[in-house]
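# Commentary on secondary and tertiary structure
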Amino acid sequence: MAGEFSFDVVSDFDDQELRNALDQVRREVGQRYDFKGATVQLDQGKTELSLLTDDEFRAAAVKDLIESKAVRRNLSLKIFDWGKIEQAGGNKVRQRIGLRRGLDEELAKRLSRLIREEFPKVKPSIQGDALRVSGKSKDDLQRVIVRLRGLDEPVPLQFENYR
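For the structure given in this document, a descriptive report is provided here. (Residues numbered from 1 in each chain as written. Predicted model: local features only at pLDDT ≥ 70, side-chain atom pairs only at ≥ 80, totals over all residues. Heavy atoms only, no water.)

### Observations concerning the packing of helix H1 (residues 15-31) against helix H2 (residues 56-72)
How two helices pack is summed up by the angle between their axes together with the distance between the axes. Where H1 meets H2, the axes come as close as 9 Å, and the angle between the chain directions of the two elements is 135°. The angle between H1 and H2 places the two elements in the oblique class. As H1 runs across H2, the sense of the crossing is right-handed. Facing H1, whose interface residues are Ala 21, Leu 22, Gln 24, Val 25, Glu 28 and Val 29, H2 presents Val 62, Leu 65, Ile 66, Lys 69 and Ala 70. (Axes fitted to C-alpha atoms, helices over the stretch in contact; angles between N-to-C directions. Helix = DSSP H or I, 4+ residues; strand = E, 2+ residues; numbered from the N terminus. Parallel < 35°, antiparallel > 145°, perpendicular 65-115°, else oblique. Left-handed = near helix turned anticlockwise from the far one by under 90°. Contact = heavy atoms within 4.5 Å.)

The following block contains the structure:
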């Protein structure tokens, strides 16, 4: 086995699962008694969600619903970047919820440095918003994966293209 093995460290989520979770939230809001007659508008964009509701208490309730439905659909809660609740017109409040996707440059550099220091036989390289880790031994790569899973990063880490 003279080849070199590699895998990619990425941070991503399934758009369809998020859409399904938000649909479940909308359906439950429409059926719950404590939301009877309340305005709850939940819109999904490419990089963020937008929540428009009557007051902060309902915004907090919708946040709990979103988190519970996301967990049931195997989405990490780290993908949500909960913005501040701000006043919107007509006695409403708005909250922007950013969706974290991809490794930012600082995190990729920090992970790369950690891998180089702890695993000298493995070579990390930054490729856009992913980190490619390659080495001659599959065992070394598996040790890197175990070490990275143990970190508490602000974004969820997935390991893809293990070859």
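### Thoughts on the sheet that holds strand E1 (residues 5-10)
Taken in spatial order, the four strands line up as E6-E7-E1-E8 in an open sheet, and their pairing is antiparallel. Of all strands in the sheet, those with a lone pairing partner are strand E6 (122-127) and strand E8 (158-160), marking the two edges. The mean inter-strand angle of the sheet, taken between neighbouring strand axes irrespective of direction, is 25°. As defined by bridge partners, E6 adjoins strand E7 (residues 130-135) across six bridges and the pair is classed as antiparallel. For Gln 127, the partnering residue across the bridge sits in E7 and is Ala 130. Across the sheet, helix H3 (residues 105-118) is in contact with E6 and E7; its angle to E6 comes to roughly 170°. Those strands touched by helix H4 (residues 138-149) are E1, E6, E7 and E8, and its axis lies near 15° from that of E1. (Pairing = 2+ DSSP bridges.)

### Thoughts on the side chain of Ser 50
Secondary-structure assignment places Ser 50 in strand E3 (residues 48-53). Not counting chain neighbours up to four residues away, the residues in contact with Ser 50 comprise Gln 41, Leu 42, Asp 43, Arg 94, Gln 95 and Arg 96.

### As for the environment of Glu 56
Its place among the elements puts Glu 56 in helix H2. In the structure, Glu 56 is positioned 39 residues away from Gln 95 in sequence and 9.5 Å away in space, judged by C-alpha atoms. Excluding residues that lie within four positions of it along the chain, Glu 56 makes contacts with Ile 85 and Val 93.

### A short note on the pairing of E1
Walk down a regular strand and you will see the side chains alternate between the two sheet faces. A large share of E1 lies buried, amounting to six of its six residues. Every second residue of E1 is oriented toward a common face, with Phe 5, Phe 7 and Val 9 on one face and Ser 6, Asp 8 and Val 10 on the other, all of them buried. Relative to E7, E1 runs antiparallel, the two sharing five bridges. By the bridge assignment for E7, Phe 7 is matched with Val 133. As paired elements, E1 and E8 share three bridges and run antiparallel to each other. Residue pairing for E8: Val 9 is matched across the bridge by Phe 159. (Buried < 20%, exposed > 50% of the residue type's maximum accessible area, 1.4 Å probe, protein only.)

### Concerning unusual backbone geometry
Peptide bonds are, in most cases, trans, and in most cases residues other than glycine have a negative phi. At Asn 74, a position not held by glycine, the phi torsion is positive, near 60°. At Asn 91, a residue that is not glycine, the phi angle is positive and equals roughly 55°. When you line up the elements, Asn 91 lands in the loop between strand E4 (80-88) and strand E5 (92-99). Classification of Asn 91 by relative accessible area gives exposed; the value is 70%.

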